Amino acid sequence: MDLLKFMTAGSVDDGKSTLIGRLLFDSKNILIDQLDALERVGKNKNGTLDLALLTDGLRAEREQGITIDVAYKYFSTPKRKFIIADAPGHIQYTRNMITGASNTDLIIILIDARNGVVEQTKRHTIIASLLQIPNVIVAVNKIDLVPDAGSVYESIKRDYVKLTKQFSLKNVNFIPISALNGDNIVENTRSFNWYRGPALLEILENVTIENNINLVNARFPVQYVIRPQTEEWLDYRGYAGKVTSGIFAVGEEIIVQPSGISTIIKSIEQDGKPVKQAFATQSAVIQLEDDIDISRGDLIVKKDDALKVTNEIEVIINWMDRKVLVQGNRYLLQINSNITPVVISDLQYLIDVNTLEKHNSPSEVKLNEIVKASIKTARPVAIDSFVNNKSTGAGILIDQTSNVTVGAVIIQ
Amino acid sequence: MTTFSTDYLSQLESESIHILREVAGQFERPALLFSGGKDSLVLVHLALKAFRPGKLPFPLVHIDTGHNFPEALSFRDKRVEEIGETLIVRNVEDTIIKQNLTEPKGKFASRNALQTFTLLETIQEFEFDACIGGARRDEEKARAKERIFSVRDEFGQWDPKLQRPELWNIYNGRINKGENVRVFPISNWTELDVWNYIKRESIALPEIYFAHQRSLIEYQNQLIAVSPFIQIDDDDVILSKKVRYRTVGDMTCTAAVASDAETIDDIIRDILGSRTSERGETRIDDKVSEAAMEDRKKNGYF
Ligand SMILES: Nc1nc2c(ncn2[C@@H]2O[C@H](COP(=O)(O)OP(=O)(O)O)[C@@H](O)[C@H]2O)c(=O)[nH]1
């Protein structure tokens, strides 16, 4: 059985939590005690169960009736296992939405049929495009609330298609739903005879999980060096990590980056047992023929497929801190296990989420703004472009004084 | 033909191993919280996979409430012996005496809340900067919100409104003095995943997870084992039933479920047919309020 990770996005009150509650409820994935708890606290004004309360897990969320942070929910059908990230819609909590978006195979962008494409639709679409989310479902919700639903749906669809012309989005599907009534969620209801496509769950069960994973370019970031130093394992020196992309086999020539030293793979082990090869995204331990200096943060790659090693990186940063980003600021850049001090050497332009215009040379970057920038690193780092390889093409910025993660970095 | 795909259990396993190695790589003094319960046994199994043939780069730590199932404790010790790793045990009893704490009273007086005091004391004693725990997001809805690397302040408090973003598989374990991180490598596993993995890997468990005959009282539809730690009243009827445990916490707050499941396959079948959640069925302590878990976590609970 395979596993699909998906998330919901859209503006506040578009019905994200209700949709997830509905999916769980109608696919019989809600358990009796959870229902009991809902019965106790979760009645809507009209007496029906408030399914949104299934995911709004924090006290403040229930009090304010909004989602603040991502909630993860798990369910399965006979076809597939699902991990859902229910992400907040508030602009203020966009960084939490990005947390969910960075690890998802599919994003459902909800649009309130009464409001059509709004700023958050654009923001979430930009994020989906930036983060290269492989599948997008645009769900036009609350379709029960609009007269002449068929033409409303078609017109929203047209607007959205126009919007996406400017982005590199893959596999976009459209669907009209009513999360509240459960129309077109698990089953294809006859409520809208103008829609001939599958129900939402059917799409979720059948989309190809276009493996996000690159199997061509082999990358192995070293996380930890295993050196037992016991009598039995006196000379053992194993590099523990995860193959983040590609395939490695025993006997292959490799290079260690950024140092550039080359050698040969002596053995690959999983669970202490030798294997012939390891592929993404397996964890493994690699031993090398030569005793060279390798530590956490180094990258093992194949000899003929090395990464660019550089001191200057062109990036897009999604800023996630309340303190503003100003040109010249210093941070730590973490890519996998590699951490390097950096300085933001140039802020080139901000991307206006609403108009999609570029504003050149901003003096500062505020929470949730997206900026194209240049970064200078204290030491050379090995990088891929995000488009080619997600795992070695992305990083985070850490504020050394607060230790907080302040930026999502996408390498150009 | 070779296919380069793995099933979801192997994916979950690889993710957890990656997280454990990040802990070893990023922290100076991590610890793994180990009770002898199924989730912590799975954690230890994953840790062995992550670091063998080396030693585990952290000790196992048990915060013993003194109300544990004896079967779980003896299993804990046996397992530690087998793998030849270090186990540190700290007793809630000692903290109660040292810090002059008041023991809760009542029928099922639970030391669950007091456990936090001992945990914080232990973190301080050994200067642990990261504690690895076996909590899963499917257990409870406050847990469903928590990051894999969850930063806690000096008082162990979780601030759910100010969690760090956690992007891709990049974990930021940098902390300020006094802070520590709780790490949850099996966050994305469900109860069923854990059982399927236990089966696939033939992980041994304490016998109380399997159906056995036991003396119990029934209280508000829950079956509580007769033990010196609970108060038996005159109107309690002592029953003997065939039961098993879905989770193993304190004897005061873990309920048994009536079951004939004697093997792992039986248990998996039971769970597939079950319509109640693990915590809902077996944890008395979460019933208190809608936000019981969130409140405990904010106060330093795991
Ligand atoms: N009429 C109607 N109301 C809906 C629908 N979906 C959600 N709602 C209502 O819209 C409000 C916001 O929903 P919620 O799920 O909390 O939105 P979220 O902020 O996106 O998670 C609630 O009052 C829901 O009952 C729908 O399909 N039709």
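Cut-off values and rules
- Residues numbered from 1 in each chain as written.
- Chains lettered and ligands numbered in written order.
- Predicted model: local features only at pLDDT ≥ 70, side-chain atom pairs only at ≥ 80, totals over all residues.
- Heavy atoms only, no water.
- Helix = DSSP H or I, 4+ residues; strand = E, 2+ residues; numbered from the N terminus.
- Buried < 20%, exposed > 50% of the residue type's maximum accessible area, 1.4 Å probe, protein only.
- Contact = heavy atoms within 4.5 Å.
- Areas by Shrake-Rupley, 256 points an atom, 1.4 Å probe, with all protein chains shown as cover.
- Domains from an automatic or database assignment.
- Buried area = accessible area lost by both parts, 1.4 Å probe.
- Salt bridge = Lys/Arg side-chain N within 4 Å of Asp/Glu carboxyl O.
- Polar contact = N/O pair within 3.5 Å; in protein donor to acceptor, adjacent residues only side chain to side chain.
- Nonpolar A, V, L, I, M, F, W, Y, C, P; charged D, E, K, R; others polar.
- Near = heavy atom within 4 Å.
- pLDDT = per-residue confidence, 0-100.
- Pairing = 2+ DSSP bridges.
- Axes fitted to C-alpha atoms, helices over the stretch in contact; angles between N-to-C directions.
- Core = buried A, V, L, I, M, F, W, Y, C linked by side-chain atoms within 4.5 Å.
- Arc of directions from axis to C-beta.

Novice: Kindly report on the overall build of chain B, identifying the contributing residues and their values.
Specialist: For chain B, the helix and strand inventory stands at 9 helices and 10 strands. Per-residue burial for chain B yields a buried fraction of 63% across its 302 residues. In chain B, 74% of the contacts between residues at least 6 apart in sequence involve partners at least 24 apart. Accessible area for chain B stands at about 11700 Å²; split by element, carbon and sulfur atoms hold 49% of it.

Novice: Before we move on, could you go through the overall build of chain A and cite the residues and values that matter?
Specialist: Looking only at helices and strands, chain A has 7 helices and 22 strands in total. By residue count, 60% of the 412 residues in chain A fall in the buried class. Pairs at least 24 residues apart make up 69% of the contacts formed inside chain A by residues separated by at least 6 positions. Here chain A displays about 16600 Å² of accessible surface, and carbon together with sulfur accounts for 47% of that area.

Novice: Account for the domain arrangement of chain A, naming residues and giving values.
Specialist: Buried accessible area, meaning the area lost when the parts come together, often serves as the stated size of an interface. Residue and element names in this part refer to chain A. Annotation of chain A at the domain level lists domain 1 (3-206), domain 2 (219-305) and domain 3 (308-411). Contacts between the two partners involve 17 residues from domain 1 and, on the opposite side, 14 residues from domain 3. Regarding the contact of domain 1 and domain 3, the summed buried area is about 1500 Å², with carbon and sulfur atoms giving 61% of it. The three residues of domain 1 that bury the most area against domain 3 are Arg95, Leu130 and Gln132, which together make up 37% of that side's buried surface. Where domain 1 packs against domain 3, one counts 0 salt bridges. Summed over the shared surface of domain 1 and domain 3, the result is 4 residue pairs in polar contact (both at pLDDT 80 or more). In terms of residue count, helix 5 (residues 119-130) provides more of the side of domain 1 that touches domain 3 than any other element does, 6 residues in total. A per-class count over the side of domain 1 that touches domain 3 returns 9 nonpolar, 4 polar and 4 charged.

Novice: Got a sec to walk through the site of the ligand? Specific residues and values, please.
Specialist: All names here are of chain A. Neighbouring residues of the ligand: 16 residues in total, closest Asp13, Lys16, Thr18, Asp144 and Ala179. Measuring from an oxygen atom of the ligand, one finds a side-chain N or O atom of Ser17 at 2.9 Å. For the ligand, an oxygen atom lies 2.9 Å from a polar atom in the backbone of Ala179. Against a free-state accessible area of 580 Å², the protein chains account for coverage of 82% of the ligand.

Novice: A description of the confidence of the model for chain B should follow, citing residues and the corresponding values.
Specialist: Residues and elements named next belong to chain B. Of all residues in chain B, 88% attain a pLDDT of 70 or more, and the chain-wide mean is 85. Considering each helix and strand of chain B separately, the mean pLDDT is smallest for helix 8 (residues 278-282), with a value of 57, and largest for strand 1 (residues 30-33), with 97. The ipTM, which scores confidence in the relative placement of chains, is 0.90 for this predicted complex, and the corresponding pTM is 0.90.

Novice: I'd like a rundown of the environment of B:Gly36, residues and numbers included.
Specialist: All names here are of chain B. Within the element layout of this structure, Gly36 appears in the loop between strand 1 and helix 2 (38-51). It is 8.5 Å that separates the C-alpha atoms of Gly36 and Val248, two residues lying 212 residues apart in sequence. Excluding residues that lie within four positions of it along the chain, Gly36 makes contacts with Leu41, Ala72, Arg76 and Pro206.

Novice: So, the pairing of strand 8 (residues 222-225) of chain B: which residues are in play, and what are the values?
Specialist: In regular strands, side chains alternate between the two faces of the sheet. All names here are of chain B. Alternating positions in strand 8 separate into two faces, Gln222 and Ile224 on one and Leu223 and Ala225 on the other, with burial throughout. Alignment of strand 7 (residues 212-219) against strand 8, held across 4 bridges, turns out to be antiparallel. When the bridges of strand 8 are listed, Glu218 appears paired with Leu223.

Novice: Before we move on, could you go through the sheet that holds strand 3 (residues 87-91) of chain B and cite the residues and values that matter?
Specialist: All names here are of chain B. Strand order in the open sheet formed by 6 strands is 3-2-1-4-6-5, and the pairing between neighbours is mixed. Looking at the sheet topology across the chains shown, the edges are occupied by strand 3 and strand 5 (149-152). Strand after strand, the sheet turns through a mean of 30 degrees between neighbouring axes, direction not considered. Packed on one face of the sheet, helix 3 (residues 70-83) meets strand 2 (60-64) and strand 3 and runs near 165 degrees to strand 2.

Novice: Summarise the sheet that holds strand 7 of chain B; cite the residues concerned and give the values.
Specialist: Taken together, the 4 strands give an open sheet; going across it, the order is 8-7-9-10 (chain B), and neighbouring strands pair in antiparallel fashion. The open sheet has two edge strands, strand 8 and strand 10 (257-258) of chain B, and neither has a second partner.

Novice: Talk me through the pairing of strand 16 (residues 308-319) of chain A; I want residue IDs and the actual numbers.
Specialist: For strand 16 of chain A and strand 20 (residues 370-383) of chain A, the ladder comprises 10 bridges, and the chain directions are antiparallel. For A:Ile313, the partnering residue across the bridge sits in strand 20 of chain A and is A:Ile375.

Novice: Report on the nonpolar core, specifying residues and quantitative values.
Specialist: Counting residues in each nonpolar core, the largest one holds 134 residues, and the members touching the most others are A:Phe6, A:Ile108 and A:Leu204. A per-element tally of this core places helix 2 of chain B first, with 9 residues. Excluding its chain neighbours within four sequence positions, the residues that come into contact with A:Leu204 are A:Leu4, A:Phe6, A:Leu23, A:Arg80, A:Phe82, A:Leu106, A:Ile108 and A:Ile137. Counting 22 residues, the second largest nonpolar core, distinct from the first, contains A:Val342, A:Ile383, A:Val406 and A:Ile411.

Novice: I'd like a rundown of helix 7 (residues 264-273) of chain B, residues and numbers included.
Specialist: Residue and element names in this part refer to chain B. Turning to helix 7, its buried residues are Ile264, Ile267, Ile268 and Ile271. Buried residues in helix 7, looked at end-on, bunch into an arc of 100 degrees, giving them a common side. The exposed residues of helix 7 that point more than 90 degrees off its buried face are Arg269 and Gly273.

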